[in-house]
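# Understanding the architecture of this molecule
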Amino acid sequence: MEKKLLTKYWHDPNHKMLDGYLKNGGYAAIKKALGMEPDAVIEEAKQSKLRGRGGAGFPAGMKWSFIPKKTDKPKYVVCNADESEPGTFKDREIIHKDPHSLIEGIAICAWAVQSHTAFIYIRGEFTEEAKMLERAIQEAYDHGYLGKGICGTAFDLELILHRGAGAYICGEETGMLESLEGKKGQPRNKPPFPASEGLFQCPTVINNVETLAVMPWIVLNGGAEYAKLGTPESTGTKLVGISGPVKRPGVYEIEMGMPLMTFINELAGGMIEGKTLGAVIPGGSSTPPLTPVQCEQAKISYESLDKLGSALGTAGIIVLPDDFSVIEAMTVIARFYADESCGQCTPCREGTGWLYKTMKRIYAGKGAAQDLQMLSHISAGMKGRTICALADAAAWPMEGFLRTFPEAFQKAVTPKQAR
Amino acid sequence: MQLKPETKTKIKALLERYPRRQATLLPVLHLVQEDFGYLSDEVEELVAKELDIPRAAVSEVVTFYTMFYREPIGKYHIMACHNLSCTLMGAEKLIQHLEHRLGVQSKAHLGETTEDGRFTLTRVECLGACGEAPMMQINDKYHLNLTIEKIDKILEELP
Amino acid sequence: MAQETVKITINGKEVVAPKGTLIIEAAAQAGVEIPHYCYHPHLSRPAVCRMCLVDVEGQRKLQPSCSTPVQPGQVIRTDSPKVQEAVREVLEFTLINHPLDCPVCDQAGECGLQNNYQDYGLYNTKFTLPKVHKAKVQKIGPTLTLDAERCILCSRCVRFTDEITKTHEMGIMQRGDHAEIQAVKEVNNPYSTNLADICPVGALTQNDFRFKVRVWYLKHQQSICPGCARGCNIVVDHYRGEAQRMRPRNNNAVNQSWMCDDGRLLYKAIRNEDRLNAPMLRKDGKRVAVTPSVAFSEALRLLEKHAKHTATQGSASVSNEDAFALARLLKMMQAPVASSLRESPVGWEDDALLRRADRTPNRNGVSAFSGTEEFAVRLKTATLALVIQEDALPERSLYPQLAGVIYVGTHDCPTARSADVVLPMAMWAEYEGSFTNFQGRVQRFLSVVSAPEGVVPLWQLASRWSEAFGGKRYASAAEVFRAMATEHPLFAKMTFDGLGEIGLCAPSADQSKEA
Ligand SMILES: Cc1cc2nc3c(=O)[nH]c(=O)nc-3n(C[C@H](O)[C@H](O)[C@H](O)COP(=O)(O)O)c2cc1C
Ligand code: SF4
Ligand code: SF4
Ligand code: SF4
Ligand code: FES
Ligand code: FES
């Protein structure tokens, strides 16, 4: 069932320590990479067709190739460990079980784009995880995998762990850069893109934890080998998290393309006793929900979920039982985006608040029939008109819930005596 | 009011690592909040002076991020996740239980603090541990797969 | 060097714009107004209000025209249904939490929000949920009042205090729809009132103007601030013959779109109690009011009698036309040219933004027509003193040989009190003329309000007096200017009307001083 590239040694409690990691063949990939031309490393990443695992799914190798080769400015690598999309908890697992893969992946990326300073931006609430990473980073410094002349070469690499302080929007890559610069995490207008003007106005690569942590495997085994796994559009493996009332919630590494129900029933053990599947949010709270019928058709891949009007997102699956109110679920989701909007763009600042207040009113049983039109109207008004995708991320599930559960919404706005 | 000399030393080290002074603001605020418990106007002023950045820049940042406090909080800050996965697994019941037990109202951003100053009960959004829902964070530590019994035990065992 | 240009199409019309121009600016140059709140030509462009979205062919999403530069061949629409819908909906979002207190809002009539929602036929009826409440009226400094509930978070005020004055008083606290504009300290920088100008709504208003006159009653006139050698381009708003406020007017070479707080209050001097508004003669040690023609004739009698024994104190506050006409009169009288100009009041230094230590508006222009010898030196031998505007002769008793003193000025002072003839003259807001600023830029100001009955500008007095010496009498400032332009290289090839709205720099002027 599972296909373990990244998670191969996670059962080994020593794997998170440098000793254990080395015993399991760790840091061989960076040594190999350092013996290759940086461009050849980028080429492997391209060959793998690995798409960024932070949610947007942008091809990683291509992103690296946008970093200018000739520039007087320093270049930066920033690892996105802000993991805050509701339903997503895979990066935390990587940090717990395999911090050195991440450090090694960062080193590979830094070599590929010829950067000498990297940051890991970790969400503030991950205090324990920050300590774990801090320790792993220290180990890597102590043994020459970071610092001056890594692995005995002339290549220097500083890695700085930077803690956030409680703001989902710092997961958006340019919000993250602002935050790293000591400001409010308010995303930037693009262009310019981070590859040309990122951190401190210098060329910057930003990648998710999972994207970077799988790089050692790709370098060791070759991009082509990785691309053989999964589907043509969704190559390789994916860490998929599942939460909600299933028997074995957690994170599993699978080959892309696995049927969603196989994942839910076989890896996650199916619903807990007495619960029936009502809906599935497949990729974090911003992805529209699927009905049980759609779940039967769904595969865990970018293209399959796109086709069903949802998205793979972060592959954080949230399973809703049929006895749970979809109105309540949507109210919680709307509250989240309202709370987390950075507040700079008008449609997002006002729209997320408006959606939440309207949902809250409906959930409280005080909704009116025209509220449903209003919800559609607000969502449509928010999409595609803002600086970052948070506004879209708030509008998609709203539209998805309305589309998928029209009866439940209709009922919720019908006065009790009229039902 | 003054910054602690140890803190000043740490700030100096941070300033050497980052290419711009303001970039140290988040780490510095974490450090300083540890010292003072919360970030008052006076502390914001001190930080602005220490980093030589405008006070407004400090205030904007302090009020933007949920982990910076503008007022004193309890010895134990209970941050109960009320996002979707935790709600599905019974978070609301747990939060109600805590409200009842502690006699305070939970709220987002910063909830109420018990009269003895021991507990603050705040509702927070997803903490990235949904696979082990329902969960909450008490100060730095995550407590996972919670039940009412488990929470009671945890609270009782706190020093 | 010819500037590179880019050809684009806006609403089907071909437009040529310099490379790097923003779409919103290229559109404005082509006469297409794009609604906007956060964009300001002299501030950075965060593109946060999202009002200025336009359709760029080939782009899936609408683009913010305030931060998107033109690209060759771009096809832009600002009038498509898609754009219109976006603007209407963004506006709707802007209104959600905005209190509808237009009837009591001081900004009503010049509010960007009100104008737009009237244009787009929107009224705030859809949103029936409770609004977010924020801090109401607060005095945040000597010049400004802030109402955070009215703020639409365009961040212009934050950018102004960060980027222009670098005083950093303003910040936007919190996030989401709780985001709130706040002053973290007293806003008392010397340019603070500009915040009231740039705030697109009634969140920041000017204390000096709050509830004074409803703006739709105001009339506007183009002028120049007389407060210092910068010569900020301004508009004077007036109502029933009284100036009500001064506002900066855009001139990239001089003051961008700013002016200082002190300058802004100078309109008050037009009607203050020291203003001289009637001519006076000294009789038996007392000043008595006389008609303008009596005072004029008495002054002329003195000028004819003492002619070349007249010592004249000039002023750097008068217009180029005033100074030229005076110089011409003195020449005809064979009197020495007006004395070098007095120092400007102390207290200011040149600052990094606008204010000049020289607090006179026309030293550069007037010096062209003045001598270098001190007035005090000349006084020792003169038998008549002609003092323009300055308090240059407060102790007349030191010069017993002086048979007469003529004072021509706008405000009373010790010199005026000891003069034999006092002739009030019109103030800058009461006539038209030009000043030459410290950069050598000749800028035109127009008449805003009328001068007190019988009070005329200096150039008129001088030109009428010169008739007695065989000179021609000028009919208008433009005519004086024409004569001046033929005689003086500083004004070569210029005409009064040709100064237009933003003035002209003499080719000989020091271009390096251009801002
Ligand atoms: C509102 C918002 C929140 C995001 N949060 C995260 C996050 O928590 N972690 C993450 O890796 N990417 C997040 N992203 C995606 C990042 O912007 C970015 O695409 C990603 O870090 C790039 O890395 P990748 O290409 O390796 O996926 C978020 C994007 C948006 C719009
Ligand atoms: S879309 Fe929302 S979160 Fe993103 S920049 Fe705009 S206001 Fe901020
Ligand atoms: S106070 Fe005015 S200028 Fe400042 S952000 Fe608000 S609306 Fe904009
Ligand atoms: S800087 Fe000088 S010219 Fe400009 S407004 Fe101030 S006083 Fe007037
Ligand atoms: S929903 Fe509670 S940790 Fe994710
Ligand atoms: S004017 Fe362009 S986004 Fe505000």
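Residues numbered from 1 in each chain as written. Chains lettered and ligands numbered in written order. Predicted model: local features only at pLDDT ≥ 70, side-chain atom pairs only at ≥ 80, totals over all residues. Heavy atoms only, no water.

## A short note on the overall build of chain B
- Along the backbone of chain B there are seven helices and five strands.
- Start at the N end of chain B and walk to the C end: the helices and strands fall as α-α-α-α-β-α-α-β-β-β-β-α.
- Taken along its principal axes, the extent of the C-alpha atoms in chain B is 50 × 35 × 25 Å.
- Looking at chain B as a whole, 57% of its 159 residues are labelled buried.
- Put simply, of all contacts in chain B between residues at least 6 apart along the chain, 57% involve residues at least 24 apart.
- Surface exposure of chain B reaches about 7100 Å², of which carbon and sulfur atoms provide 49%.
- For chain B, the distance from the average position of its 19 positive side-chain charges to the average position of its 24 negative side-chain charges is 4 Å. (Helix = DSSP H or I, 4+ residues; strand = E, 2+ residues; numbered from the N terminus. Buried < 20%, exposed > 50% of the residue type's maximum accessible area, 1.4 Å probe, protein only. Contact = heavy atoms within 4.5 Å. Areas by Shrake-Rupley, 256 points an atom, 1.4 Å probe, with all protein chains shown as cover. Lys, Arg positive; Asp, Glu negative; His and termini not counted. Charge placed at Lys NZ, Arg CZ, Asp CG, Glu CD.)

## Let's talk about the interface of chain B and chain C
- On the chain C side, the residues contacting the ten residues of chain B number nine residues.
- Each partner contributes to the roughly 780 Å² buried at the junction of chain B and chain C, and carbon and sulfur atoms together form 61% of this total.
- Per-residue buried area on chain B facing chain C is highest for B:Glu60, B:Thr63 and B:Phe64; these three make up 52% of the total on that side.
- For the pair chain B and chain C, the number of links is zero salt bridges.
- Inspection of the region where chain B meets chain C yields three residue pairs in polar contact (both at pLDDT 80 or more).
- Per-class residue counts for the side of chain B that touches chain C are four nonpolar, four polar and two charged. (Buried area = accessible area lost by both parts, 1.4 Å probe. Salt bridge = Lys/Arg side-chain N within 4 Å of Asp/Glu carboxyl O. Polar contact = N/O pair within 3.5 Å; in protein donor to acceptor, adjacent residues only side chain to side chain. Nonpolar A, V, L, I, M, F, W, Y, C, P; charged D, E, K, R; others polar.)

## Describing the site of ligand 3
- In the vicinity of ligand 3, the contacting residues are C:Cys151, C:Ile152, C:Leu153, C:Cys154, C:Ser155, C:Cys157, C:Cys199, C:Pro200, C:Val201, C:Ala203 and C:Leu204.
- Per-class residue counts for the shell around ligand 3 are ten nonpolar, one polar and no charged. (Near = heavy atom within 4 Å.)

## Details of the layout of surface pockets
All names here are of chain C.
- One number sums up the size of the second largest pocket: a volume of about 1200 Å³.
- Secondary-structure elements contributing two or more residues to the lining of the second largest pocket are α1 (23–29), α3 (112–119), α5 (194–198), β10 (204–206) and β13 (242–248).
- Element by element, the count of residues in the lining of the second largest pocket is highest for α1, at four residues.
- In terms of residue class, the lining of the second largest pocket is built from 19 nonpolar, 13 polar and ten charged.
- Residues lining the lining of the second largest pocket come from more than one domain, with at least three contributed by each of domain 1 (5–94) and domain 2 (99–211). (1 Å grid on protein atoms, 1.4 Å probe; cavity = no way out; pocket = protein on both sides within 12 Å on 5 of 7 lines; lining within 4 Å. Points joined across faces, edges and corners; volume = space filled by probe spheres on them. Domains from an automatic or database assignment.)

## Topic: the sheet that holds strand β6 (residues 138–139) of chain C
All names here are of chain C.
- Within the open sheet, the three strands sit side by side as β6-β7-β10. Their pairing is antiparallel. Each edge of the sheet is formed by a strand with only one pairing partner; in this case those strands are β6 and β10.
- As judged from the three bridges shared by strand β7 (residues 144–146) and β10, these two strands associate in the antiparallel manner. Within the sheet, the bridge partner assigned to Leu144 lies in β10 and is Gln206. (Pairing = 2+ DSSP bridges.)

## Section: the site of ligand 1
All names here are of chain A.
- Every one of the 20 residues lining ligand 1 counts as a neighbour, but Gly54, Asn80, Asn207, Asn208 and Thr211 are closest to it.
- Lys63 is positioned with one of its side-chain polar atoms (N or O) 2.9 Å from an oxygen atom of ligand 1.
- The class makeup of the residues in the shell around ligand 1 is six nonpolar, eight polar and six charged.

## Some words on the domain arrangement of chain A
Residues and elements named next belong to chain A.
- Under the domain assignment, chain A is made up of domain 1 (13–227), domain 2 (237–321) and domain 3 (326–418).
- The gap between the C-alpha centroids of domain 1 and domain 2 is 27 Å.
- Summed over both partners, the interface of domain 1 with domain 2 buries about 1300 Å², with 57% contributed by carbon and sulfur atoms.
- The tally of links from domain 1 across to domain 2 stands at nine residue pairs in polar contact (both at pLDDT 80 or more).
- Here the element with the most residues in the side of domain 1 that touches domain 2 is helix α5 (residues 90–97); it accounts for three residues.
- The residue inventory of the side of domain 1 that touches domain 2, partitioned by class, reads four nonpolar, six polar and six charged.

## What about the domain arrangement of chain B?
- Domain parsing of chain B yields domain 1 (5–64) and domain 2 (76–157).
- Domain 1 of chain B and domain 2 of chain B are separated by 29 Å when their C-alpha centres are compared.

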